[in-house]
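Secondary and tertiary structure notes
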Amino acid sequence: MTTEVAGAGGASSPHPGPSGPAPEQRSPRRGQRGDAETFRRREVSTGFIVSRIVVLSIVAALLIYAAPPLVEDESWIALGVLGVVTALVAYLYLTPRHVPAKYLVPGTVFLIAFAIVPTVLTFVTAFTNLGDGHRGTKAEAVTAIETSSVTQVPGSPEYHLTIAERDGAMVFLLVDPATKAVQAGTADGLSPVDGAQVSLTGKVLAAGGYTIVPTAQAAERDAEIAAFSVPTPGGAIKATGLSRAFEGKADKRYDAACDCIVNPAGEKWFADEAEGYFVNSAGAHLDQGWKVDVGFANFKKALTDPTISGHFLNVLIWNFVFAISAVATTFALGMVVALALHHPRVRGTKLYRVLLVLPYAMPSFAMLLIWRDMFNMDFGLMSKLFGVHDWLGTPTTARLGLILVNLWMGFPYMFLVITGALQAVPKELTDAARIDGASPWAGFRRVTLPLVLVALTPLLISSFGFNFNNFNNIRMVTNGGPYAIDNATVGATDLLISYTYRVAGFDSGVADFGFAAAISVFIFTIVATVSTVAFWRSRRQEEVYS
Amino acid sequence: MKFLREVAWRHAVALAACAFAVFPIMYVVSAALNPLGTLASTELLPTGASLDNFGILFNGQQPFVNWFLNSVVIALLSAFAGLLISVAAAYAFSRMRFRGRRVGLLSILLIQMFPQFLAIVAIFIVFTEVTELYPTFGFNKPWGLLVLYLGGALGVNTYLMKGFLDTVPKEIDESATMDGASHVQTFFRIILPLVGPVLAVTAMLSFIGTINEFLIANVFLRDTEAKTLAVGMYGMLTDKRDSNFGAFAAATLLTAIPTVSLFLWLQKYIVSGLTAGAVKG
C-alpha cells in the first residue's frame with residue numbers, strides 16, 4: 001500500500017521501544033538534523049503521495065457534507081467539535097508520527113460517537129422527565145400551547161393556500177383574496193414574496209426559490225399540513241384543508257409577569273418548574289410540558305412506587321434466574337455432548353458436528369418466532385405432541401419454555417467451545433488420574449472440569465452478560481407475557497431490557513424516556529458489578545489480562 | 001464387547017442431541033413445504049411438497065427482496081468494516097507499545113460488558129437529531145444503522161483479535177521490517193493473511209449477529225421498504241399469524257441459506273475462532 005519515508009537501514013532497533021516511534025518513523029527526523037545520516041535514500045513513493053491525497057479529500061468531503069446543516073441549525077458547539085475532530089484526523093494521517101493512533105482512531109471515533117456518547121446521555125436522561133409531554137424546552141412548550149389553542153374567530157383574515165417547499169422544509173404560500181399579495185409562511189413567521197404567478201382562483205403557480213407541491217402529493221401529507229402553523233403576532237396561521245388557511249387567535253397566552261398561561265376567561269395555569277408542567281389551582285395541568293431535571297425521582301419510582309417496585313423486584317429476580325439457568329443448562333448439555341464425542345473410537349463426529357451446530361447457524365430471530373408458534377396452544381407442535389396446554393399462558397411453563405428455547409439456541413455454541421477446550425487438556429493428566437485409580441467421574445470432576453472451566457471462564461461470563469440482556473428471546477417468544485390482569489406494563493417473563501423497551505414506548509403507548517433510562521442505568525450497574533466480580537475471581541485463577 | 005458398550009452410549013447421547021437440535025428445523029421445512037401454508041395444518045413431518053409458500057414471498061404482498069437485500073448489505077458492510085476497525089486496533093495493541101496501552105485495553109474490556117443497545121433511549125434521542133440534520137444517516141436509512149453498528153465494533157471484537165494476533169510470532173513482522181516493509185505493509189501483507197481464517201470466522205459471527213439484530217433495527221426502521229429481515233418478518237407474523245406461517249417458514253429457510261452455508265464452509269476454523277481469544281488472552 002503506502003511506503004513511508006524509508007531509510008535504507010531504518011530498522012536499527014528490532015523492538016519498538018516502550019514509548020518510541022517505530023523505526024522507520026525516525027528517519028525523517030534524523031534527516032532533518034543533517035548529521036551523518038543525510039546520505040540515506042529518502043524514497044517518497046507514489047503510494048505515499050496518493051494516500052495523503054486520499055486522506056485530505058476524505059476529510060474535505062466530510063467537512064463539506066457535515067458542516068452546512070450545522071451552520072444552518074446554528075449548532076456552534078457541534079460545528080466546533082466537527083472542526084477539531086476533522087483537523088486532528090487530517091493531522092494524524094498526514095504526519096508520519098503517532099503510528100499506534102493511526103490504527104486506533106477509526107474505531108475510537110465510532111465508539112465515542114455511537115456507544116459512549118449514548119451511554120453518557122442515558123445517564124443524563126435518567127435524571128430528567130424526558131418523554132411524551134416533556135420533549136423540549138419551556139419556550140417550545142409555550143409555543144406549542146399557544147399555537148395549538150389557535151381558533152378561528154369571526155372576522156379573522158383568510159388566505160388562499162398553496163403548499164410549497166424550500167430547502168426541503170414545508171412553506172405555506174398565502175394569497176390575500178382582496179389584494180392578491182403573496183406571502184410565504186414558514187415555521188419562523190411571514191415574509192413577502194415578489195414576482196409570484198397567481199392563478200385566477202388564487203393558487204400560486206410559480207414562485208422564485210420555492211417548489212410547489214402538487215395537490216396529489218400534498219393530499220398524502222395532510223397530517224403534516226394540519227400540524228403546521230405559521231406564528232403571527234397574537235395568533236397563528238393554520239390550514240383548513242389543502243387550499244385555504246386562516247389566521248386565528250391564540251386562546252391561551254403566556255404571561256411572563258406571572259410566569260403563567262392565561263386564557264380570556266381568566267383561568268391561569270402556573271409554571272411548575274419541578275414537574276415541568278403548567279398547573280392550575282385545581283391541580284390539573286396542560287398537556288404540553290417541558291423537560292426538567294427531576295433528580296433521583298426515576299430511581300426512587302423504580303424502588304419505592306408501590307405499583308412499580310413489586311414488579312421491578314420480580315423482574316430482577318427472574319432476570320437473574322434466567323441468565324444463570326441459561327448459562328448452566330447450555331453448559332451442561334454442551335459438556336455432555338462434547339464428552340460423548342471426545343473419544344478416539346467414536347466415528348462420524350464430523351456429521352454429528354454439522355447437525356449439532358445447525359441451531360447456531362439458523363437465523364435466530366426467525367427460529368424464535370417458530371418456537372413461539374410451536375408453543376401455540378391451539379395449533380402448535382407442543383400441544384400436538386404433549387397434549388393441549390397454554391404453554392406460554394401460564395408463568396411457570398412460559399419460563400421453562402424460554403429456558404428450553406434458549407437451551408436449543410445456546411448449546412451448540414457451548415458444545416463447540418468445550419470441544420476446543422477438551423482438545424487442549426493434556427492427555428497425560430487424564431491418563432495419570434486413571435492410573436492412580438481415579439474413577440472416570442472423579443477424573444472428570446477433579447482434572448478435566450477444572451481445566452476446562454479455567455479456559456472458559458471468560459466465555460461463561462460473557463455468556464451470562466449476553467443472556468442477562470437477551471432481549472430477542474423474550475421479545476420474540478413471549479413478549480414479556482403472560483401479563484397479570486391488573487398490569488399491562490410488565491409480564492411474568494420480562495427481563496429488565498424488555499421492560500425498558502416497553503417503558504420507553506417504542507412499541508406503542510406513552511413514552512417515558514427518563515424512567516426507561518433509569519432502568520438502563522440499573523442494568524448497567526448490575527452487569528458491571530457481576531462482571532467485575534467474576535473477572536476478579538477468574539483473574540486469580542489465570543492471568544487473563546496482559 | 002466392553003468397547004462396544006463404551007462407544008454405544010456415546011452414539012446414543014449424540015443422536016439424542018442431534019434429534020433435539022434438528023427437530024425444530026424439520027418443523028420449519030415441513031411448514032415451508034406445506035401446501036396449505038397455515039400453522040394449524042403443519043405437522044412435524046412434511047405432509048406435502050409444494051413451493052406455493054415461496055411464491056407468496058415474491059408476489060408483492062411484502063417487499064421480501066428489499067428486506068433480504070437490506071439485511072445482507074448492512075450485515076456484510078458492518079461485518080467487513082467492523083472487522084477492519086477492530087483488527088487495526090488489535091494490531092496496535094498487540095504489536096506496539098505506547099502510553100495509555102494498558103488503560104486502553106482495560107477500557108475496551110470494560111466497554112464490551114455493556115451492549116450498545118442498553119443505551120437505546122439515548123440512541124433514539126441522538127438519531128432524532130441526526131435525522132433532522134443528515135437524513136441520509138437518519139431513521140429508515142441503512143447507512144444510519146450501519147454507522148451505529150460500527151460504534152459497537154471496537155468494543156466487541158478487539159480483545160478477541162488481540163488474542164489471535166499475539167499467537168503470530170513477532171519474529172515474522174520483525175523480519176518484514178528488516179526487509180524494509182512499513183507498518184502498513186506489515187499489517188496488510190503479513191499479519192492479515194496469517195490470521196485470515198480466524199478473521200473469516202469472526203466476520204461470519206458478526207454477519208450472523210447483525211442479521212439477527214432486532215432491538216435497534218426495530219426502533220430505527222419503520223418504513224416497510226427500509227426494514228431488515230428480522231423486523232420485516234416479525235411483522236409478517238404479527239399481521240396474519242396463522243395463515244402466513246408457511247410463507248414465514250419459507251422465508252426462514254431462504255434467510256438460512258447465507259448463514260448456514262457460511263457456517264458449514266468455515267466449520268473447521270470455528271472452534272479456534274471462538275476460543276483463541278479466550279484461551280490465549
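Residues numbered from 1 in each chain as written. Chains lettered and ligands numbered in written order. Predicted model: local features only at pLDDT ≥ 70, side-chain atom pairs only at ≥ 80, totals over all residues.

Quick notes on the confidence of the model for chain A
When pLDDT is averaged along chain A, the result is 80; 90% of the residues meet or exceed 70. The model gives residues 1-41 of chain A a pLDDT under 50, and that stretch makes 66 contacts with residues more than four places away or in other chains. (pLDDT = per-residue confidence, 0-100. Contact = placed C-beta atoms within 7 Å.)

Thoughts on the confidence of the model for chain B
All names here are of chain B. For chain B, mean pLDDT is 84; residues scoring 70 or higher make up 95% of the total. Across chain B, helix H3 (residues 64-95) holds the top mean pLDDT of 91, while helix H14 (residues 267-280) sits lowest at 61. The low-confidence segment residues 277-281 (pLDDT under 50) makes 16 contacts with residues lying over four places distant or belonging to another chain. (Helix = DSSP H or I, 4+ residues; strand = E, 2+ residues; numbered from the N terminus.)

Quick notes on the sheet that holds strand S12 (residues 253-255) of chain A
All names here are of chain A. The strand order across the open sheet built from 4 strands is S12-S13-S14-S15, with neighbouring strands paired in antiparallel fashion. Strands at the two margins of the open sheet, each flanked by one partner only, are S12 and strand S15 (277-279). Put simply, the sheet's adjacent strands are angled 35° from each other on average, direction ignored. Pairing geometry for strand S14 (residues 268-272) and S15, over 3 bridges, is antiparallel. Directly across from alanine 271, in S15, lies its bridge partner phenylalanine 278. (Pairing = 2+ DSSP bridges. Axes fitted to C-alpha atoms, helices over the stretch in contact; angles between N-to-C directions.)

Considering helix H12 (residues 229-239) of chain B
When you tally the buried positions in H12(B), you get 8 out of 11 residues, the bulk of the element. Within H12(B), the full set of buried residues consists of Leu229(B), Ala230(B), Val231(B), Gly232(B), Met233(B), Tyr234(B), Met236(B) and Leu237(B). Along its buried surface, H12(B) packs onto helix H11 (364-374) of chain A together with H3, helix H10 (196-212), helix H11 (215-220) and helix H13 (245-265) of chain B. (Buried ≥ 20, exposed ≤ 12 C-beta atoms within 10 Å, placed from the backbone.)

Some thoughts on the environment of Thr137(A)
Residue and element names in this part refer to chain A. Tracing the backbone shows threonine 137 in the loop between helix H4 (99-125) and helix H5 (138-148). On the neighbour-count criterion, threonine 137 (11 C-beta atoms within 10 Å) is exposed. Sequence separation of threonine 137 and alanine 101 is 36 residues, and the distance between their C-alpha atoms is 40 Å.

Thoughts on the packing of helix H10 (residues 349-361) of chain A against H13(B)
Put simply, H10(A) and H13(B) touch, their axes get as near as 10 Å, and they point 140° apart. The angle between the axes of H10(A) and H13(B) places the two elements in the oblique class. Handedness of the crossing formed by H10(A) with H13(B): right-handed. The residues of H13(B) that touch H10(A), namely those facing Val354(A), Val357(A) and Ala361(A), are Thr259(B), Val260(B), Phe263(B) and Leu264(B). Class assignment of the residues belonging to the contact of H10(A) with H13(B) gives a composition of 6 nonpolar, 1 polar and no charged. (Parallel < 35°, antiparallel > 145°, perpendicular 65-115°, else oblique. Left-handed = near helix turned anticlockwise from the far one by under 90°. Nonpolar A, V, L, I, M, F, W, Y, C, P; charged D, E, K, R; others polar.)

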